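# Close look at the chain arrangement
Each chain, written out:
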Amino acid sequence: MVDLTTTYLGLKLKNPLVASPSPLSEKVNNIQHMEHEGIAAVVMYSLFEEQIIHESLELDHFLTRGTETFAEAMSYLPDMGKFTLAPEVYVETLAKAKKAVDIPVIGSLNGVSSGGWIQYAKKIQDAGADALELNLYYLPADPNLTSGELEDNYVKLVSDVRAVIDIPLAVKLSPFFTALPNMTRRLVDAGANGLVLFNRFYQPDIDLEKLEVAPRLMLSTSQELRLPLRWIAILYGKVAADLALTTGVHTAGDALKAVMAGASVAMTTSALLKSGPGVISTIINGMEAWMEEHEYESIQQMKGSMSQGAVAEPAAFERANYMKELGSYNPLFR
Ligand SMILES: Cc1cc2nc3c(=O)[nH]c(=O)nc-3n(C[C@H](O)[C@H](O)[C@H](O)COP(=O)(O)O)c2cc1C
């Protein structure tokens, strides 16, 4: 019998497959369905800083009806698409989910600046969340903003959120840092217990007929696994935090690679949205079968076995491999 258990953020999980935030977790019965299929934990869809600010502005408007400030302030806020579930509904849904399932439920906040909105971290904790994931999703388009300023801002946000909660805190970040290992260390020093690698940025397209910028969301494929895989392998053993891999986990093989690189858990969304919750048991059963066949006894034994510190050729994860790979390509035409 293979031991699939793992620990993530101090939580003992029955296996390393976790549902990352998606519209599926907006409904408690979907969370129950995922639990039934064997998912080890669920991270709820995110509550956005903009949503919370939006609501507090609306309240402000209600209290100061007739002033000019409301329309002006609202015009700065982005169109939030279908994210219409009010912050209070978010907290209620989380509390209901907690009561409905036995697996850990992790709350998710998505924001970039410190401020009153982070009190929702405490509300999420009080609703019973087993941990909180803080998603730092920001696209720095201002040439006056330096990387140092932005990074200091992220670190401050993490320590401010840490200060309002006692439950474990994971930080979900993007791969676009000049010196990622140093940044992750700073986030851990600021209070992150886990790092979720990586956010997947949705690249807007241009609609040639309508001459509009079109937000065409495309789900991931297994090929996108390699970016987080490399960084998990590099960071394993170097930062004092649990690592979670997100982006590109579609098969048992993808999840096994994530664990071998050093991830405590492999997170999945696109596979769930494409194939439905049934894919969960397919992935878990596939992991178990592979491990039995290859005589692995436990996830613990496998974890980090292909990390940079463990492999015979550590340079394979760095620049040396770049030259080797380019040189190994055999073009049909020269
Ligand atoms: C429709 C959709 C909604 C998502 N909503 C959130 C969200 O609310 N918060 C968040 O942190 N990530 C969100 N994500 C990102 C996923 O949690 C995940 O990190 C990303 O899709 C990469 O993983 P995958 O390759 O398994 O899809 C969303 C993704 C999709 C496709």
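Quick note: structure is the one above.
Reference entry: report on the structure contained in this document. In this text, all values refer to a predicted model and were calculated from it rather than measured experimentally. (Residues numbered from 1 in each chain as written. Predicted model: local features only at pLDDT ≥ 70, side-chain atom pairs only at ≥ 80, totals over all residues. Heavy atoms only, no water.)

## Overview of the packing of helix 4 (residues 87-100) against helix 5 (residues 119-126)
Viewed as axis vectors pointing N to C, helix 4 and helix 5 meet at an angle of 30 degrees, and their least axial separation amounts to 9 Å. Taken together, the axes of helix 4 and helix 5 are roughly parallel relative to one another. In the packing of helix 4 onto helix 5, the handedness of the crossing is right-handed. Within the contact between the two elements, helix 4 uses Pro87, Glu88, Tyr90, Val91 and Leu94 and helix 5 uses Tyr120, Lys123 and Ile124. (Axes fitted to C-alpha atoms, helices over the stretch in contact; angles between N-to-C directions. Helix = DSSP H or I, 4+ residues; strand = E, 2+ residues; numbered from the N terminus. Parallel < 35°, antiparallel > 145°, perpendicular 65-115°, else oblique. Left-handed = near helix turned anticlockwise from the far one by under 90°. Contact = heavy atoms within 4.5 Å.)

## Overview of the nonpolar core
If you look at the biggest cluster of nonpolar residues, it comprises 86 residues, and the most contacted ones within it are Met34, Leu109, Leu132, Leu134, Val161, Leu187 and Leu195. It is helix 9 (residues 252-261) that contributes the most residues to this core, seven residues altogether. Those residues in contact with Leu187 that sit more than four places away from it in its chain are Leu136, Tyr154, Val155, Val158, Val171, Leu173, Ala192 and Leu195. Residues Tyr8, Leu9, Leu13 and Ala244 belong to the second largest nonpolar core, which totals 15 residues. (Core = buried A, V, L, I, M, F, W, Y, C linked by side-chain atoms within 4.5 Å. Buried < 20%, exposed > 50% of the residue type's maximum accessible area, 1.4 Å probe, protein only.)

## Describing the pattern of salt bridges
The final tally for this structure, using the stated rule, is eight salt bridges. Lys98 serves as the salt-bridge partner of Asp130, at 2.9 Å between the closest nitrogen and oxygen. One end of the pair, Asp130, is in the loop between helix 5 and strand 7 (131-135); the other, Lys98, is in helix 4, and 32 residues separate them in sequence. A single network of salt bridges, built from pairs that share partners, joins Asp205, Asp207 and Arg216. (Salt bridge = Lys/Arg side-chain N within 4 Å of Asp/Glu carboxyl O.)

Purely geometric numbers; function is a separate question.
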